[in-house]
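Residues per chain, in single letters:
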Amino acid sequence: MKKIIIFFVFFCLISSCVSAEQLLGEIEINEKSLSIDASVIDTKINYLVDNTITKPKLSITSISGEAKSIDDILQISEDKKSFTFGDYSSSSGGSSSNTISGSNKLVRTTNSLILISFSTIITFGLFNSHSRSAKSSLLFLFIVLVCISIPSNSIRLSEVSVRIDIKVPSTFKFDSLLLTLGSGSSKINGLIASSLKIDGCKDHSIELNQISISSQLNVCSTKEININEIQLTSTNVKLNLTSSSNVNLDFYNGYSGTFSINTDELILDSACETTKDQNTGIVIGSCNGGGDSKLSITAITGKTVVSKAEITCPIDNGWRVTVGADIVPLSPSIISSQPATDFLFKKNDLVYMAAYGYSNESITDGPVENSFIVSIPIYIPPSNFLVSKIIGSPTFKANVKYQFSISVKLGQPLGAFNRIQNMSLYFFNPRDITDPINGASQYYELKDTTIPLFVHTFEGNFTSNTDFAKTTIEFTPTVDIGTSIFSLRIFRTGFTGGDVVTIIIKDMKFTILPRTITQTTLLTKDSELVHLPKPSASFDPQDSTTCPYLANDLVHWHNPSTWPNGIVPSPSSNITLPEGKKVLISPCSISQTQVYQWIKVPPTSELIFSDAPMDFNVKDIYVEGKFIMGTTKCRYNSKINLIFHGEKTLSDTISQYYGSKGIGVSSSGFISVHGKQYHNTWSKLAASAWSGDYVVYIQDNVNWEVGQKVVVITSYYQDEDNNQNEVMTIAAIQGKTIQFTEPLKFFHYGGQEYQAEIALLSRRITFQSSDVNQFGGHVMVMGEGQFAGLALIRMGQRNIKARYPLHYHLGKVLKNSYISDCSVTNSYYRCYTIHGTNNVTLTRNVAFDVSGHCYYLEDGVEMDNTLSFNLAAYVHPIGRPAAGPSQIGEVFVESDNLRQPADCAASGYYITNAWNTIIGNTASGGWAGYAFPNLDRPIGNHRTVQMIPKAYTTKVFEGNTGHSSGHFFITGATIYVGANLTYNEVDGLLYYDSGRFERFTYKNGTVVYGNEVPMRFNNTKIYLSNFGLGHWGEYVEVVTYESHDNIRSASIFGEAWLSNAIVNGNSNNIARSINFNKQGFQFYDTYVKTVLSNISFRNYIRNPKSLNDEDDNRAIISMTHGDVFKPQGISAARAISFVNVAKSQTVGHQVLPTSGSRYFNFIDWDSSITAKKPGQPALVGSHELWYKFDNTCEYNSDWTCHVCEKGNKEIANIQFIIPGLIDDGVLVYDSFENLNIGNISLFGSGITDRRSTIVTKNQGVTGVSNMGWYLYLKAGSPKSMKIWLSQVVFGQHIFLAVPYPSQTSFVIKSNYIWGSSINYNHVFSLASSAADVRSGNGTKYFFDGNFLYVKLVNLVLTGDPSEYYERDGVKVYWVRNSFSVSIEATNTVTPPTSDGFFKNLPDNLPSSSL
């Protein structure tokens, strides 16, 4: 019997599969009069407007029952006007000829054959079975199966349920539609008909939405009838509604006529006058003065609601809805004292740390609200920590009293192993404790050398295991506590024993106690040095007489005569505005809840919105004409909310190339959206705000309002890792004082160095999206577009190109387009985009919480645009952020998950072409704040445009600020001029390399020698950044600059000038990154020219835990990491000052066995750094005695450098090329020992001691000119050698001595690789003495039997300005390999060895008297 049961189960499964929902077929409807009788079956009717079809059709789907074909259950009349459902399975007639597609009876026959075949198999098993009982069972089963397999000639209609989808194009109108229905439900949307009759009196529920009726409507149901926004398209319509339940009738723009209503309870619109018959209880009357239409409702046992009978939208062309007034909520007074604020710690806010015995289960959920359980394993030391994951919250002021409370219950009875001796509040510098957020370990052991910021130890009631015992203590910090990690240390009296100990903690919290609010001294300016421009204080001029809704030639959306068919279109239809008309939308014109599918504004038409509150739900809008929602001189005061709907798709449902879910404006179109102007849109704090503060002070006058949302921007460095941006709601506002509804959680700095920004997020007009898979709405404008006072929320479509919140697309040169005082928040993809468009202004806008580049100039051709006074904050890279351990960076390739690979390095402002005006903006967060990627050619739609985007310099970059970025990449910066974006012709993908790439910039982008111009950054302030400004280009000037709390102020490359600057290592911001050492500026090691002038370095304080001098907090540091690249004389400074910088911290030089370390140098042009000889230049050289060239040189042990009076000396660099030993252009990476091939020493000028440095296999030796240089190589002196005079400047020389065996003869020549009218290619002549060589012109040599003497002079140089880089009176000389001296040595008596070297030469200094 088990087998039989199993079989029947299996059979039932087969049966259920067979009867699953399936499409039976579709039937075209050719008549405008249709009758459907489905009274004998259960039916679900859907009436759908399908804009993809041209003719109506019925789609019939079986939900349950035995129907396998339309022919089984449907009969169609010969005139095809009548459709009757029933049992026609045994009828020879059918409707198959009328079907477009459908299942046939073979399905049914096939199922029977399957069962018969299965029966045959079992029968075969019966005759082959050796068990009598088995045979009996199988025989029984066979009989059952055969019975089942016999096809039935009838269908049980009571079990049949079908769905009938009546699909029509949007313009289709029924003359008559009759539905006779049994059980089930009907949902009819957007029907247009003269007559509709629904007989659902057999238990059928009915819902009608946005239907249009011109003659009569009859509905009968035993269930509830719901009719929403019914439109009566004539003045003589008969409505008859009968229900055994409730009736809800909602009119579109009113009802004029009489009524008779018999119901148990009636709620009637106030536009109707009523009289009740006391005998029958029937209510009669009229609405809006009566009319020819008649309404009859019978719902004796139910409730009847008739709404919107009043004509709220008159169709008279002169009528206008009441214009929205500028109603500003009245602000209460600012509070004078703030209440207590609790900062509660829950399970997920904490990490358990200890020396050992920790796990992910060390903290688990507790038994009551706000509780958690701490589990301490067996045999664990007495100390463990509960470490907060919330860095910097709350913050505490020094010498102010605070409260901490905790309720504790022991998990076991008090004993020797769980007795708590005390607890301690620890506040650590983040670098002194394991990272509780990103750390891979929970290990922590408090060391004696660790000095917390603050500790407070307390005792309490920690003995009960039955009830929670609360301990409350007060503490007063001795220092301000900002960026810190809070840890609660639980200290027991001893180790745990052989059982796990649990401690249950509840309501663990800090309390900031109530206090009187006293206004501190407020800032009167935002900067000490730089000038940060602000927008005009005046508002945009307005003229209400120009408002677009006042025009006389407008027609109303809600007026049926506006539309060609005399019917106001339903939301479910495709709507095309009538040609040549200006259509006005008022709130009563449209459904506030239904979603409009598609709206087109033809070229000669205009869609104009009234200035009145409304919600407009829509999928797609395509504008070829005009879309007006306010204008430049008529900003709207009303709250208008446009909500975009739609599932994620790559299809173009708006129009070709415009995508889906948004507004597309063609090249012939125009869009204008202008909401109330709020000014300023963002400001900065005038004083610091602390955790628990309700009240803040700002610097600028604003007209913000109670109830609006603002964001207070972070004052923390690593923004993405620790979000301290706070979205707040205004509770009160008086002038520049703002009170919030809730207290701040974090500290926000408002000191003289810099101030946290505060930005308004709310606007009166809002475009937002239903949240579907990071697929928001978008606005794409190919024509002129003007936007102001608009908030865009949850917009943009992640990783879909051209689908951005607000986007100028391929507009070429526009004449009058702008985006002003708008806001973008919670964006899935960018904020404001300029693509293939010039002459656009983006000004006074705000963007917060954005994925991908925010202000986005897309292809590299975008020029002459203006970005002014904007704010970008909390910008997120898409996917894994670009990183890398060095300048090289990483390569990212375009993919579905990273459509624009540069988004791995998302920035506030992404500027592919620098020839734009960028003024007064601020950027917070992101991989960078301002990104200038290198594009060798345009990308995207402009790949064939002949231009080099990276060749353009900055048009204007003035008064911009940025912070809290650059930390993802070792050389990341808030302003980052670097990386490379290319289009690969082979695979058609974009490639982004985040690292170092050269960038040459030219006037007008014209790549011609002599046309070079620098990128210029004026009045710039960067703070809380990795490198404030990182520039890998070849020409840059940073003039008037403030750098505060940056790991380094700048890293600038090529010809670089940093002037008129404050470089501040540590501000008074307690939220700054105290866990990082800071360096003011690092001189680069090779082939650049750097001038620093008029710079004040401040607050570089020694850190005794620093790894080395370069790692310490130093004002100026060297670059010493390698041997391959040799420093030349490329760095100089003048007018440098120091504030709160100890002399030991002014220069940091790390001593390493590298050429980078041994050749480090710079010129202190006026001794302002070294104080060597005030007003006179000093030469700073490395730790090597090689730099001690005269008696003025002193060794500074703090700097590990020599400091000398420069006198008539310069830094010089020559490059020996010796075959087999030092090869030209070959970089050798090896151990320091293997790289060492000899040394070079100073000689002459009275020097008798060794003052030498190492020579390595990598070409280049740097030292002091006008000195004797003695070269000694371990391999011996070479028979052939070329010497590039890379940097022997005009008027300078190197007196070179090289040992050779006696009787060696020489051929020495000079060579200039470029053509010239002057002959610089000389054969050196033999001089009479070494002194004769030194005093000569650089074309002689002398050999005294021991040393070859050659005077190295670059004969090509003339002292022309092209030979040096000069800024602010400081010169740095070019390094060029164009002039060389070659030496060929011959000796037949003591010949060189086969490898070309003269061996076994003595290593003695030449004469000191030379």
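Residues numbered from 1 in each chain as written. Predicted model: local features only at pLDDT ≥ 70, side-chain atom pairs only at ≥ 80, totals over all residues. Heavy atoms only, no water.

S.K.: When you look at the pattern of salt bridges in this model, what are you seeing that I'm missing?
M.R.: One side chain can pair with another of opposite charge once the charged atoms of both are near each other. For the structure shown, the criterion picks out 48 salt bridges. Asp-693 is the salt-bridge partner of Arg-515, the closest N and O atoms lying 2.7 Å from each other. Taken as a pair, Arg-515 in strand β33 (residues 515-516) and Asp-693 in the loop between β44 (682-684) and β45 (695-697) lie far apart in primary sequence, 178 residues in all. The exposure class assigned to Arg-515 is partly exposed, which follows from its relative accessible area of 29%. As a salt-bridge pair, Asp-1112 and Arg-1114 come within 3.4 Å of each other at their nearest N and O atoms. For the pair formed by Asp-1112 and Arg-1114, the shared burial category is buried. Put simply, Asp-326, Lys-676, Glu-705 and Arg-764 are held in one network by salt bridges that share partners. (Salt bridge = Lys/Arg side-chain N within 4 Å of Asp/Glu carboxyl O. Helix = DSSP H or I, 4+ residues; strand = E, 2+ residues; numbered from the N terminus. Buried < 20%, exposed > 50% of the residue type's maximum accessible area, 1.4 Å probe, protein only.)

S.K.: I keep staring at the packing of aromatic side chains and nothing clicks. Help me out?
M.R.: Each aromatic ring pair is summarised here by two numbers: the centre-to-centre distance and the angle between the ring planes. Evaluation of the coordinates by the stated rule reveals 72 aromatic pairs. Ring centres of Phe-848 and Tyr-874 lie 5.8 Å apart, and the angle between their planes is 25°; this geometry places the pair in the stacked category. Placement of the pair is Phe-848 in strand β57 (residues 846-851) and Tyr-874 in strand β60 (residues 871-876), with a sequence separation of 26 residues. With 4.9 Å between their ring centres and 70° between their planes, Phe-957 and Phe-1017 make a pair best called edge-to-face. Note that Phe-957 is positioned in strand β66 (residues 956-958) and Phe-1017 in strand β70 (residues 1015-1025), a separation of 60 residues in sequence. (Phe/Tyr/Trp six-rings, centres within 6.5 Å; stacked < 30°, edge-to-face > 60°.)

S.K.: How do you make sense of the state of the cysteines when you look at a structure like this?
M.R.: All chains considered together, the criterion is met by six disulfides. Each sulfur of the disulfide joining Cys-313 and Cys-588 lies 1.4 Å from the other. Note on the Cys-313 and Cys-588 pair: the S-S dihedral is about 85°, so by sign convention the disulfide is right-handed. Of this pair, Cys-313 sits in the loop between β20 (293-307) and β21 (337-338) while Cys-588 is found in the loop between β36 (582-585) and β37 (595-601), placing the two residues 275 residues apart along the sequence. Taken as a pair, Cys-313 and Cys-588 share a single burial class, namely buried. With no disulfide of its own, Cys-822 lies closest to Cys-831 among cysteine sulfurs, the gap being 11 Å. No disulfide involves Cys-1201; its sulfur sits 10 Å from the nearest other cysteine sulfur, which is in Cys-1204. Given the relative accessible area of 0%, Cys-1201 is considered buried. (Disulfide = S-S within 2.5 Å.)

S.K.: How should I be thinking about the sheet that holds strand β28 (residues 420-428) in this particular structure?
M.R.: Strand pairing in a sheet relies on backbone hydrogen bonds, with the paired strands running either antiparallel or parallel. Taken together, the five strands give an open sheet; going across it, the order is β23-β26-β31-β28-β29, and neighbouring strands pair in antiparallel fashion. At either end of the open sheet lies a strand with only one pairing partner, and these are β23 (350-353) and β29 (454-458). Between one strand and the next, the sheet's axes are offset by a mean angle of 20°, whatever the strand orientation. With five bridges connecting them, strand β26 (residues 383-388) and strand β31 (residues 485-492) associate as antiparallel partners. Bridge pairing in β31 places Leu-386 opposite Leu-488. (Pairing = 2+ DSSP bridges. Axes fitted to C-alpha atoms, helices over the stretch in contact; angles between N-to-C directions.)

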